[in-house]
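Here are the chains, one letter per residue:
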Amino acid sequence: MSRKPRIAPSILSGDFAALGAEARAMEAAGADWLHIDVMDGHFVPNLTVGPMVIGALRPLVKLPFDVHLMISPVDPYLQAFAEAGADVITVHPEAGPHLHRTIQAIKALGKKAGVALNPATPAQAVEPVLGEIDLVLAMTVNPGFGGQKFIVSQLDKIRTLAAMIARSGRAIELEVDGGVTAENASEVAAAGASMLVAGTAGFKGGPAAYAANLRALRGA
Ligand code: DX5
Ligand code: ZN
């Protein structure tokens with residue numbers, strides 16, 4: 001059976017005029033990680049933040065920074081994100097021709113490495129690198145925007161990934177990102193997710209609601 005999932009609120013759904021206060025409020029509310037979505041307007045059709053914003057947030061909270069890079073190319077920027085304070089750096093296989101090399105570069109920077117799979121990318125895309133990575137991120141929306149609807153067909157892939165991870169015998173986090181709500185969180189956790197990203201569902205109602213939002217997502 002699944003354990004209670006941990007929660008990584010996505011700052012993408014926070015108030016961009018007050019990102020520092022948002023990060024602090026989420027830490028105070030008991031978030032496990034802070035998920036930071038980096039978009040380049042090229043790999044995905046939206047633009048967000050880069051290493052400078054991450055570096056500005058870093059001294060404000062102790063929360064691990066879970067940096068989801070939706071940029072291409074990605075290799076030239078890995079060092080900047082590592083130096084800005086990322087703890088986990090997650091990349092998409094489609095973002096560069098040499099996924100294994102990218103993972104090696106993240107590990108050489110002393111960071112945890114993750115691989116993100118788009119809804120149309122098969123679970124098997126991550127199999128050859130399971131021995132090297134710390135996290136698999138299963139996208140349950142197409143990347144680019146918060147507030148989209150959870151793609152239910154991805155539950156099967158989450159189960160497949162959970163089984164692959166169990167077979168590997170390694171402690172690999174299975175993170176699910178996109179359209180997660182208090183209503184579907186327990187089903188997603190039961191499919192094998194250990195970490196749920198929550199944008200809209202994490203930040204709705206403003207800071208006074210964050211602790212209750214996290215409780216609802218954990219199924220408490
Ligand atoms: C989408 C991002 C997600 C997004 C999730 O490209 O990767 O992390 O912030 O937002 P919600 O939870 O609103 O779908
Ligand atoms: Zn994300």
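Anything mentioned here points back to the structure above.
Residues numbered from 1 in each chain as written. Chains lettered and ligands numbered in written order. Predicted model: local features only at pLDDT ≥ 70, side-chain atom pairs only at ≥ 80, totals over all residues. Heavy atoms only, no water.

(A) Region of interest: the overall build of the protein chain. If you tally the helices and strands in the protein chain, you get 8 helices and 8 strands. Compactness check: the protein chain gives a C-alpha radius of gyration of 16 Å against a globular reference of 17 Å for 220 residues, within 12% of the reference. With the C-alpha coordinates aligned to their principal axes, the bounding extent of the protein chain is approximately 45 × 40 × 30 Å. Within the span of the protein chain, comprising 220 residues, buried residues form 52% of the whole. Put simply, 65% of the contacts in the protein chain that link residues at least 6 apart link residues at least 24 apart. Carbon and sulfur atoms form 55% of the exposed surface of the protein chain, whose accessible area is close to 9500 Å². On the protein chain, the mean spot of the 18 positive side-chain charges and the mean spot of the 20 negative ones are 6 Å from each other. (Helix = DSSP H or I, 4+ residues; strand = E, 2+ residues; numbered from the N terminus. Rg over C-alpha atoms; globule rule 2.2 N^0.38 Å. Buried < 20%, exposed > 50% of the residue type's maximum accessible area, 1.4 Å probe, protein only. Contact = heavy atoms within 4.5 Å. Areas by Shrake-Rupley, 256 points an atom, 1.4 Å probe, with all protein chains shown as cover. Lys, Arg positive; Asp, Glu negative; His and termini not counted. Charge placed at Lys NZ, Arg CZ, Asp CG, Glu CD.)

(B) Broad picture of the site of ligand 1. Around ligand 1 there are 20 residues in total, and Asp37, Gly144, Asp177, Gly179 and Thr200 lie nearest to it. Within the complex, the protein chains bury 99% of what would otherwise be the 390 Å² of accessible surface of ligand 1. Applying the majority rule of atoms within 2 Å of the grid points places ligand 1 in the largest pocket. Put simply, the parts of the chain that give the shell around ligand 1 at least two residues each are strand S2 (34-39), strand S3 (65-70) and strand S8 (195-198). By residue class, the composition of the shell around ligand 1 is 8 nonpolar, 10 polar and 2 charged. (Near = heavy atom within 4 Å. 1 Å grid on protein atoms, 1.4 Å probe; cavity = no way out; pocket = protein on both sides within 12 Å on 5 of 7 lines; lining within 4 Å. Sits in = over half its atoms within 2 Å of the grid points. Nonpolar A, V, L, I, M, F, W, Y, C, P; charged D, E, K, R; others polar.)

(C) Region of the structure containing the pattern of salt bridges. Under the definition given, this model contains 6 salt bridges. Put simply, Arg6 and Glu173 hold a salt bridge, and the shortest N to O gap is 2.6 Å. Of the two residues, Arg6 is situated in strand S1 (residues 6-9) and Glu173 in strand S7 (residues 173-177); the sequence distance between them amounts to 167 residues. Residue Asp32 is joined to Arg218 by a salt bridge in which the shortest nitrogen-to-oxygen separation is 3.0 Å. (Salt bridge = Lys/Arg side-chain N within 4 Å of Asp/Glu carboxyl O.)

(D) Looking closely at the sheet that holds strand S6 (residues 135-139). Strand order in the open sheet formed by 8 strands is S1-S8-S7-S6-S5-S4-S3-S2, and the pairing between neighbours is parallel. Where the open sheet ends on each side, the last strands, each with one partner, are S1 and S2. Averaged over all pairs of adjacent strands, the angle between their axes in this sheet comes to 25°, without regard to strand direction. The sheet contacts of helix H5 (residues 154-168) involve strand S5 (112-117), S6 and S7, and relative to S7 the element is tilted by about 165°. (Pairing = 2+ DSSP bridges. Axes fitted to C-alpha atoms, helices over the stretch in contact; angles between N-to-C directions.)

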